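# Commentary on secondary and tertiary structure
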Amino acid sequence: MLKLSALSEQRWLPEAEAGALVLTATGRLQRHLHEVYAGHQALQGRVVWTTPIILTWRTWIERQWQERVLAAAQDAAAPAALLNEAQTEALWQQVIAADGRTRDLLHAPGLARQAEEAWGLLHAWDVPLAPADARSGTPEEARFAAWARAYGARSDENGWMDAARLPRHVTRWIAEEGHPVPQRVLLAGFDLFDPGQERLIAALVQRGCACVELEPPARSANIAAGTLQRVACADPEAEGEAAARWARAQLEAGARTVGIVVPSLDARANQLSRVFRDVLAPEAALPGTLGREEEGALPFHISAAPPFTQVPLVRTALGLLRLDSSPNDLAALEALLRSPYLGAAAAERERRGMLVTRLRGQGDPAVSLATLARHAAAGGCGLLRDRVEAAAKVQQHLPPRQSHAGWARSFTELLRAVGWPGHGEGGRSLGSAEFQAYERWRDLLDELCGLDLVLPPSDRGEALARLHELAANASFQPQAEPASVQILGHLEASGLTFDRLWVLGLDDESWPRPPQPNPFLPLAVQRARGLPRASAERELLFAEQVTARLKAAADHVIFSHALSQGAAKLRPSPLVADLPEVLPEALRLSAQPRLVDTLRRHARLEERTEQPLRPLPAGTALRSGVRLFEDMAACPFRAQARQRLGAEESPLPEPGLSAADHGSLLHGVLQHVWTSLKTQAALQAACQGEGSPVLDALVRKATDAVLDAFARHHGRLTPGLRRLEQERLARLTRELLELDRTARPPFTVTASEQAAGASVGGVEVSLRVDRVDTLADGSRLLLDYKSGRVNKNQWLSDRPDAPQLPLYALTHAEAPDALAFVQVRTG
């Protein structure tokens with residue numbers, strides 16, 4: 001076990017001033033120490049000072065590689081390249097894809113990341129690779145051993161180095177007399193050192209470098225004085241609310257830095273972001289302040305960043321690159337047309353909204369670029385048309401395959417053609433966070449170019465998939481002014497101190513974390529060597545160290561846990577169960593009301609005299625027919641909006657035929673059949689003979705006629721779709737005819753799809769009755785075809801939901817004797 005002397009926080013500043021190298025475990029601690037150093041220099045009255053050498057461990061390791069390569073520039077044996085994360089993962093994917101046994105695996109990128117993690121653990125913790133002829137172990141271990149050998153062989157063949165193997169090389173170089181080493185190294189924020197780190201530090205010490213740990217001050221060691229407390233909350237939601245109100249109270253009391261540490265931050269980031277916004281910045285929800293969070297004006301900062309693909313500017317870019325000359329998904333296209341990052345969005349915003357409605361009205365769920373350009377021109381979106389045509393022209397000249405660097409240039413050209421990201425047009429400029437996202441996107445394209453080192457040329461789809469994968473793996477956190485409240489994971493909080501600290505989520509199910517060993521390395525070896533997540537004992541040791549560190553990270557620390565989550569009952573983690581418990585209501589919590597509560601409390605009722613729409617003049621004809629009464633039964637305002645104001649919901653295109661299309665086609669087929677048959681007796685005669693050939697021919701003739709008419713008017717029937725719809729219509733029609741033939745007394749169909757007019761309250765409406773049967777005793781039966789589930793109770797309420805047949809019965813000169821629904825649906 002590595003033993004190092006400790007250096008207090010007060011003494012590291014002069015050490016750094018004297019040129020000592022400071023190595024941190026996390027990038028956040030690196031930034032924090034730079035801020036502390038700058039504050040110290042300012043207090044000394046200095047305006048200019050030398051920047052201290054504060055680096056993360058990984059950055060320093062990579063610098064050793066760079067210096068070694070520069071020093072050996074004339075050496076033909078010098079390594080050619082250090083692979084970055086994207087190149088390493090791409091190489092692993094290639095190696096795994098070359099294994100024919102993995103073709104049945106569902107998620108190759110995830111598999112490659114797990115294999116890469118195992119490779120890193122193998123080198124950092126000195127885990128031996130299973131022999132090629134080993135017959136023991138799991139199939140996963142054997143597969144990984146084969147992949148690892150192939151990966152290593154290909155890397156060595158090309159002179160490539162990766163981050164997993166680099167520390168061992170750096171350790172060897174440090175042991176050489178000619179390699180420069182720092183005189184003094186300060187190590188900050190390391191809870192545990194892995195064997196690879198211990199070897200490297202020992203090599204530094206052997207060369208005469210003084211290595212010491214930067215020890216944060218013990219700010220709260222007196223439990224009796226109330227500096228450490230435990231709080232039990234009803235559930236995670238109440239726990240987050242209490243932490244947010246406590247944080248606000250601490251700020252109001254003068255605290256400058258408040259830490260909120262959450263071991264499971266990724267899982268709770270959205271909930272905590274919402275709660276802390278409601279409590280600490282309720283005004284951010286008001287109109288005109290939507291950009292506050294982007295500009296970094298919120299008083300809290302949450303370190304869990306969403307995937308880069310979720311950033312709106314990047315999501316739009318990826319969506320635009322997916323557009324093709326072939327039909328594109330209309331739903332995805334709508335989102336792009338509404339995006340402010342598409343060129344000239346501000347100038348044509350309203351017209352593009354109308355264009356979306358126009359495209360929906362076509363009823364086609366897929367739209368080509370040519371169709372989009374044509375509709376854009378017809379809808380007054382000339383700027384959009386120009387950009388779509390420019391993009392189509394770029395696409396026409398794209399090669400079938402090219403290097404990833406070539407695709408990066410092509411993607412940039414495509415985005416430029418459509419005007420992405422839209423800044424500089426219509427007076428709009430990118431905000432701070434948007435500009436940072438734009439710059440990060442350019443870095444992502446550089447990473448795509450770098451894949452040419454390890455991957456052959458690809459087609460457009462493969463390159464775009466690689467770019468999307470790079471964006472999905474990249475987190476993005478816009479730089480902003482330091483916030484007073486920092487919401488962090490337990491690893492990011494390493495080495496940091498606060499005025500006040502609240503640690504959430506320390507229930508017995510979550511802390512210590514459950515073991516999660518890597519499936520590609522032998523479990524017994526992982527446990528014996530103490531690899532991370534390998535055993536409950538290892539997780540307990542790690543959790544004890546983190547908990548002890550957090551207890552000393554502030555003058556006042558609160559540890560909390562939920563009593564339940566869903567139906568599960570929870571208890572405090574054994575690592576904090578012995579702390580003095582206080583009730584949430586006993587804490588100093590801010591009483592700041594939520595914005596919604598404030599608005600409700602100050603709401604004033606206004607009295608307005610209702611001015612209803614004028615009554616329709618007597619004799620006014622409405623084309624909607626029975627729909628007026630359906631709307632009135634459901635909601636009188638809906639009826640007014642639809643019938644008087646012409647408000648209609650924009651139709652949602654569906655693949656194939658819509659439900660309305662299916663219904664109208666079925667009505668048409670049944671009308672054709674009964675126009676020919678007319679009576680039950682004729683139906684029974686048509687069913688004579690083996691297989692009922694006469695009836696089959698009649699049904700086929702009816703379906704052909706209806707589908708031909710539909711195709712002439714709508715043109716949305718491909719041969720395959722027509723065949724499927726014909727089979728569906730024939731099956732349902734035969735099922736209904738069989739019921740008419742066997743389950744009913746004799747009847748004659750005297751009307752089919754009969755149109756009629758009626759006057760109700762002076763309003764003329766048009767009706768259409770699906771079918772009227774005259775029975776043997778002369779009584780009349782009205783039938784209403786329904787393709788969904790129906791119930792006669794829809795007729796019986798004070799406001800009938802299905803008023804068509806009752807309305808017809810009340811208004812027709814020849815009142816029917818009976819009404820019936822006919823469910824025409826499978827089953």
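Residues numbered from 1 in each chain as written. Predicted model: local features only at pLDDT ≥ 70, side-chain atom pairs only at ≥ 80, totals over all residues. Heavy atoms only, no water.

### Looking at the overall build of the chain
Defined as follows: A run of H or I in DSSP counts as a helix once it spans at least four residues, and a run of E counts as a strand once it spans at least two, with each numbered from the N terminus. What the globule rule says is 2.2 Å times the number of residues to the power 0.38, and the radius of gyration is computed from C-alpha atoms. Summary of the burial criterion: residues with accessible area below 20% of their type's maximum are buried, those above 50% are exposed, and those between are partly exposed, where the area comes from a 1.4 Å probe applied to protein chains only. In what follows, residue pairs with any heavy atoms lying within 4.5 Å of each other are defined as contacts. Per-residue and other accessible areas follow the Shrake-Rupley method at a 1.4 Å probe size, with only the shown protein chains counted as cover for residues. A residue counts as positive if it is Lys or Arg and as negative if it is Asp or Glu; His and the chain ends are not included. Note on charges: their place is set at NZ of Lys, CZ of Arg, CG of Asp or CD of Glu.
Within the chain, the secondary structure is distributed over 28 helices and 25 strands. The C-alpha radius of gyration computed for the chain amounts to 36 Å, which surpasses the reference 28 Å derived for 827 residues by more than 25%, pointing to a less compact arrangement than a globule. When the backbone C-alpha atoms are referred to their principal axes, the chain occupies close to 115 × 70 × 60 Å. Within the chain, buried positions represent 44% of all 827 residues. Nonlocal contacts in the chain, meaning residues at least 24 apart in sequence, comprise 75% of its contacts between residues at least 6 apart. Counting only carbon and sulfur atoms, one obtains 53% of the accessible surface of the chain, whose full area is about 42,400 Å². Distance between charge centroids for the chain: 3 Å, based on 92 positive and 99 negative side chains.

### A look at empty space enclosed by the protein
The gaps of empty space that remain are located by a probe, the size of a water molecule, rolled over the atoms. Cut-off, in case you're wondering: The distinction between a cavity and a pocket rests on a 1 Å grid over the protein atoms alone: a 1.4 Å probe fits inside a cavity but cannot get out, while a pocket stays open yet meets protein on both sides within 12 Å along at least five of seven lines, and a residue with an atom within 4 Å of a point counts as lining. Grid points are joined across faces, edges and corners, and a volume is the space filled by probe spheres set on the points. Each residue is assigned to one of three groups, with Ala, Val, Leu, Ile, Met, Phe, Trp, Tyr, Cys and Pro labelled nonpolar, Asp, Glu, Lys and Arg labelled charged, and all others, Gly among them, labelled polar.
One pass over the full model with this rule turns up 4 cavities of 30 Å³ or more. By volume, the largest cavity amounts to about 140 Å³. In terms of lining residues, the largest cavity is bounded by 17 residues, among which Leu320, Leu323, Leu369, Ala391 and Val418 are the most central. Where the lining of the largest cavity is concerned, the elements lending two or more residues are α11 (312-322), α12 (330-337), α14 (369-378), α15 (382-396) and α16 (404-417). Here the element with the most residues in the lining of the largest cavity is α15; it accounts for 5 residues. In the lining of the largest cavity, the residues fall into 15 nonpolar, 1 polar and 1 charged.

### Description of the nonpolar core
Proteins that are soluble and globular tend to have nonpolar side chains buried together. So the rule is basically this: Buried Ala, Val, Leu, Ile, Met, Phe, Trp, Tyr and Cys residues that are joined via side-chain atoms within 4.5 Å together make up what is termed a nonpolar core.
Formed by 80 residues in total, the largest nonpolar core has its most connected members in Trp92, Phe144, Phe308, Leu337, Trp420, Trp441 and Leu467. For this core, the element with the highest residue contribution is helix α5 (residues 108-124), accounting for 8 residues. Once residues within four sequence positions are removed from consideration, Phe144 is found in contact with Trp92, Ala115, Ala118, Trp119, Leu122, Leu129, Phe520 and Leu521. By size, the runner-up hydrophobic cluster in this structure holds 34 residues, among which are Trp12, Ile54, Leu496 and Val546.

### Observations concerning the state of the cysteines
How we decide: Count a disulfide wherever a pair of cysteine sulfur atoms falls within 2.5 Å.
This structure, assessed with the given rule, holds 0 disulfides. There is no disulfide at Cys209, and the cysteine sulfur nearest it, in Cys211, is 3.9 Å away.

### Topic: the packing of helix α24 (residues 659-677) against helix α27 (residues 719-742)
The condition is simple: Orientation is described by lines fitted to C-alpha atoms, with helices fitted over the stretch in contact, and by angles between N-to-C directions that extend from 0 to 180 degrees. Here roughly perpendicular refers to angles of 65 to 115 degrees, roughly parallel to angles under 35, roughly antiparallel to angles over 145, and oblique to all remaining angles. If you view the pair so one helix is near and one far, a crossing is left-handed when the near helix is turned anticlockwise from the far one by less than a right angle, and right-handed when it is turned clockwise.
Where α24 meets α27, the closest approach of the two axes is 10 Å, and the angle between their N-to-C directions is 50°. Between α24 and α27, the interaxial angle falls into the category oblique. Here α24 runs over α27; the crossing is right-handed. Here His662, Leu665, Leu666, Val669, Leu670, Val673 and Trp674 of α24 lie close against α27, whose contacting residues are Glu725, Arg728, Leu729, Leu732, Thr733, Leu736, Leu737 and Asp740. Looking at the contact of α24 with α27, its residues break down into 10 nonpolar, 2 polar and 3 charged.

### A closer look at the pattern of salt bridges
Opposite charge on two side chains allows them to pair when their charged atoms are near. Using the following cut-off: Here, a salt bridge means any side-chain nitrogen of Lys or Arg that lies within 4 Å of a carboxyl oxygen of Asp or Glu.
In total, this model carries 41 salt bridges according to the counting rule given. Between Arg58 and Glu62 there is a salt bridge, and its shortest N-O distance comes to 3.2 Å. With Arg58 and Glu62 both in helix α3 (residues 57-71) and 4 residues apart, the pair spans about one turn of that helix. With a shortest N-O distance of 2.9 Å, Asp631 and Arg642 are connected by a salt bridge. Note that Asp631 is positioned in helix α22 (residues 627-634) and Arg642 in helix α23 (residues 636-643), a separation of 11 residues in sequence. Residue classification places Arg642 among the partly exposed residues on the basis of a relative accessible area of 23%.

### Things to note about the sheet that holds strand β9 (residues 258-261)
To keep things clear, this is the line we draw: For two strands to be treated as a pair, DSSP must find at least two bridges joining them.
With respect to topology, 7 strands assemble into an open sheet ordered β10-β15-β9-β16-β17-β8-β20, the strand pairing being parallel. Of all the strands in the sheet, just β10 (300-302) and β20 (581-582) have a single pairing partner and so form its edges. Examined bridge by bridge, strand β16 (residues 498-503) and strand β17 (residues 554-562) share 5 bridges and lie parallel to one another. Bridging across to β17, Val503 finds its partner in Phe559.

### Describing α14
Listed as buried for α14 are Leu369, Leu372, Ala373, His375 and Ala376. Looking at the buried side of α14, the elements it contacts are β11 (328-329), α12, α13 (349-361), β12 (366-367) and α15. Gly380 occupies a position one or two residues after α14 and carries a positive phi of about 75°.

### What about the packing of aromatic side chains?
Convention followed: Here is the rule: rings of Phe, Tyr and Trp (six-membered ring for Trp) pair when centre to centre is within 6.5 Å. Planes less than 30 degrees apart are stacked, more than 60 are edge-to-face, and the remainder are tilted. Counted as over-ring charges are cases with an Arg CZ or a Lys NZ within 6 Å of the ring centre that also lie within 35 degrees of the ring normal.
The tally for this structure, following the rule as stated, stands at 18 aromatic pairs. Note on Trp92 and Tyr151: the rings are 4.2 Å apart at their centroids and 10° apart in plane angle, and the pair reads as stacked. You can see Trp92 sitting in helix α4 (residues 85-97) and its partner Tyr151 sitting in helix α6 (residues 139-158), a full 59 residues away along the chain. Across the pair, Tyr151 and Trp92 agree in class, each one buried. Pairing Trp420 with Tyr438 gives two aromatic rings, centres 5.7 Å apart and planes at 45°, and the pair type is tilted. Highlighted residues: Trp420 in the loop between α16 and α17 (432-450) and Tyr438 in helix α17, separated in sequence by 18 residues. Put simply, the rings of Trp92, Trp119, Phe144, Trp147, Tyr151 and Phe520 pair up and form one aromatic cluster. A cation over a ring is seen here: Arg440 above Phe308, with NZ or CZ 5.9 Å from the ring centre. If you follow Arg744 out to its NZ or CZ, it ends over the ring of Phe747, 4.1 Å from the centre.

### Things to note about α13
The criterion, for reference: Given a helix with a known number of residues, its expected span is that number minus one, times 1.5 Å. Picture the helix axis, draw a direction to every C-beta atom, and the arc is the one those directions span.
Counted at 1.5 Å a residue, the expected span for α13 with its 13 residues is 18 Å, and the 19 Å between its end C-alpha atoms agrees. Three or more residues of α13 are buried, namely Arg352, Leu355, Val356, Leu359 and Arg360. Considered in projection along α13, the buried side chains sweep an arc of 135° and stay on one side of the axis. Residues Glu350, Met354 and Gly361 are exposed on α13 and point more than 90 degrees away from its buried face. Buried residues in α13 make contact with α12, β12, α14 and α15.

### As for the side chain of Ser494
With respect to the secondary-structure elements, Ser494 resides in the loop between β15 (485-488) and β16. Residues in contact with Ser494, not counting those within four places in the same chain, are Leu29, Gly189, Phe190, Asp191 and Arg549.

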